[in-house]
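So you can see what is in the structure, the chains are spelled out below.
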Amino acid sequence: MRLAWMHSFGVTSETGFRGSGLILHALIAFALFWGFRAMFPDWPVGAAFTAGAFYGLNRTALTAATIITQHEPFAVTACFSLIFLGLFAKHRKTVYWYVAAACLGVAFATVEISVLLDAAAILTVLVLYGKQAWRTALGLILKGIAIFALAATVVWPKSLVWGGAVKGYLYLVYIAVARKTFSPIGPVELWGFKLKTYP
């Protein structure tokens, strides 16, 4: 997606494509600043600046921004999804939920792990409304799914129309479970290894 956009602007070199990731990196830093200001308007501006600067100057994030991968668009859409989800949780304005759902739909077209973000968003709505307003929560979730599907279809038409997303996820399950291509060990052993070796 990013490469197609950059190519339409006349970028043809590898350096240009890699450098274009810095635009998305700066966008995320700005979004963190804006999101922090929107979520915490009573806090000093310096706090929002610090939030954006920590991401903007993060060496790992800067290095990752120059790699040609679909993870940068995911970072942008995930950032905006979480900001609008936070604004929805704070103000309970449905327009924030709908924007978050659209961002989640675009994020879905970038990387597989986005389904966890989708699940977290649905769980957030369920927790916010609880048992007392479950019908309201269900209505919001269903409208959010419709907006999500529309956004995902606009960005990646084959995802829902021809079942590309379902085929992709089924293939990932197949190579992870049946072929064990991702890792020669099972998921329990993998997580045990991560818990033992990482701080």
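Residues numbered from 1 in each chain as written. Predicted model: local features only at pLDDT ≥ 70, side-chain atom pairs only at ≥ 80, totals over all residues. Heavy atoms only, no water.

A. View of the overall build of the chain. Along the chain, the regular secondary structure elements total eleven helices and zero strands. Secondary structure of the chain in N-to-C order comes out as α-α-α-α-α-α-α-α-α-α-α. Across the 199 residues that make up the chain, the buried fraction comes to 31%. (Helix = DSSP H or I, 4+ residues; strand = E, 2+ residues; numbered from the N terminus. Buried < 20%, exposed > 50% of the residue type's maximum accessible area, 1.4 Å probe, protein only.)

B. Structural context of the environment of Ala51. Secondary-structure assignment places Ala51 in helix 3 (residues 45–56). Of the residues examined, Ala51 reaches a relative accessible area of 26% and is grouped as partly exposed. Sequence-distant contacts of Ala51, that is, excluding residues within four places in its chain, are made with Leu32 and Phe36. (Contact = heavy atoms within 4.5 Å.)

C. Broad picture of the confidence of the model for the chain. Taken over all residues, the pLDDT of the chain has a mean of 83, while the share at 70 or more is 86%. Mean pLDDT across the secondary structure elements of the chain bottoms out at helix 1 (residues 2–8), with 68, and peaks at helix 6 (residues 94–108), with 94. (pLDDT = per-residue confidence, 0-100.)

D. Examining the packing of aromatic side chains more closely. As enumerated under the stated definition, the model contains eight aromatic pairs in all. Geometrically, the ring pair formed by Phe40 and Trp43 is tilted, given 5.2 Å between the ring centres and 35° between the ring planes. An angle of 35° between the planes, with centres 6.3 Å apart, marks the rings of Phe88 and Tyr129 as tilted. A residue pair is termed long-range when its members are at least 10 positions apart, and Phe88 in helix 5 (residues 71–91) and Tyr129 in helix 7 (residues 114–129) qualify at 41 residues. Judged by relative accessible area, Phe88 falls into the buried class, the value being 0%. Put simply, the rings of Trp34, Phe84 and Tyr96 touch in pairs and so form one group of aromatic residues. Over the aromatic face of Tyr129 sits the side chain of Arg92, whose NZ or CZ is 5.2 Å from the ring centroid. (Phe/Tyr/Trp six-rings, centres within 6.5 Å; stacked < 30°, edge-to-face > 60°. Lys NZ or Arg CZ within 6 Å of the ring centre and 35° of its normal.)

E. Spatial organisation of the nonpolar core. Judged by nonpolar contacts, the single largest core of 30 residues is most densely connected at Phe74, Phe88, Trp97, Val125, Tyr129 and Leu140. The set of elements that each furnish at least two residues to this core consists of helix 2 (14–39), helix 5, helix 6, helix 7 and helix 8 (134–155). The leading source of residues in this core is helix 5, at nine residues. Those residues in contact with Phe74 that lie beyond four places of it in its chain are Ala107, Thr110, Val111, Ile113, Ser114 and Leu117. (Core = buried A, V, L, I, M, F, W, Y, C linked by side-chain atoms within 4.5 Å.)

F. Region of the structure containing the packing of helix 5 against helix 7. For the pair helix 5 and helix 7, interaxial distance at closest approach is 11 Å and the crossing angle is 0°. As summarised for this structure, helix 5 and helix 7 are arranged roughly parallel, according to the angle between their axes. The segment helix 5 lies against helix 7, with Phe74, Ala78, Ser81, Leu82, Leu85, Phe88 and Ala89 engaging Ser114, Leu117, Ala121, Thr124, Val125, Leu128 and Tyr129. Residues of the contact of helix 5 with helix 7, tallied by class, amount to eleven nonpolar, three polar and no charged. (Axes fitted to C-alpha atoms, helices over the stretch in contact; angles between N-to-C directions. Parallel < 35°, antiparallel > 145°, perpendicular 65-115°, else oblique. Nonpolar A, V, L, I, M, F, W, Y, C, P; charged D, E, K, R; others polar.)

G. View of unusual backbone geometry. Even without glycine at this site, Arg92 takes up a positive phi of about 60°. Here Arg92 is to be found in the loop between helix 5 and helix 6.

H. Up close: the packing of helix 2 against helix 3. Viewed as axis vectors pointing N to C, helix 2 and helix 3 meet at an angle of 155°, and their least axial separation amounts to 8 Å. Accordingly, the angle class assigned to the pair helix 2 and helix 3 is roughly antiparallel. Helix 3 is crossed by helix 2, and the crossing has right-handed handedness. Of the residues in helix 3, those in contact with His25, Ile28, Ala29, Leu32, Phe33, Phe36 and Arg37 of helix 2 are Val45, Ala47, Ala48, Phe49, Ala51, Gly52, Tyr55 and Gly56. (Left-handed = near helix turned anticlockwise from the far one by under 90°.)

I. Inspection of helix 6 at higher detail. Taking 1.5 Å per residue as the helical rise, helix 6 with its 15 residues ought to reach 21 Å, and the 21 Å between its terminal C-alpha atoms agrees with that figure. Within helix 6, burial applies to Trp97, Ala100, Ala101, Cys103, Leu104, Gly105, Ala107 and Phe108. (Expected span 1.5 Å × (residues − 1).)

J. Molecular detail of helix 5. Under the 1.5 Å per step criterion, the end-to-end length of helix 5 is 30 Å for 21 residues, consistent within 8% with the ideal 30 Å. Directly beyond the C-terminal end of helix 5, a positive phi value near 60° is found at Arg92.

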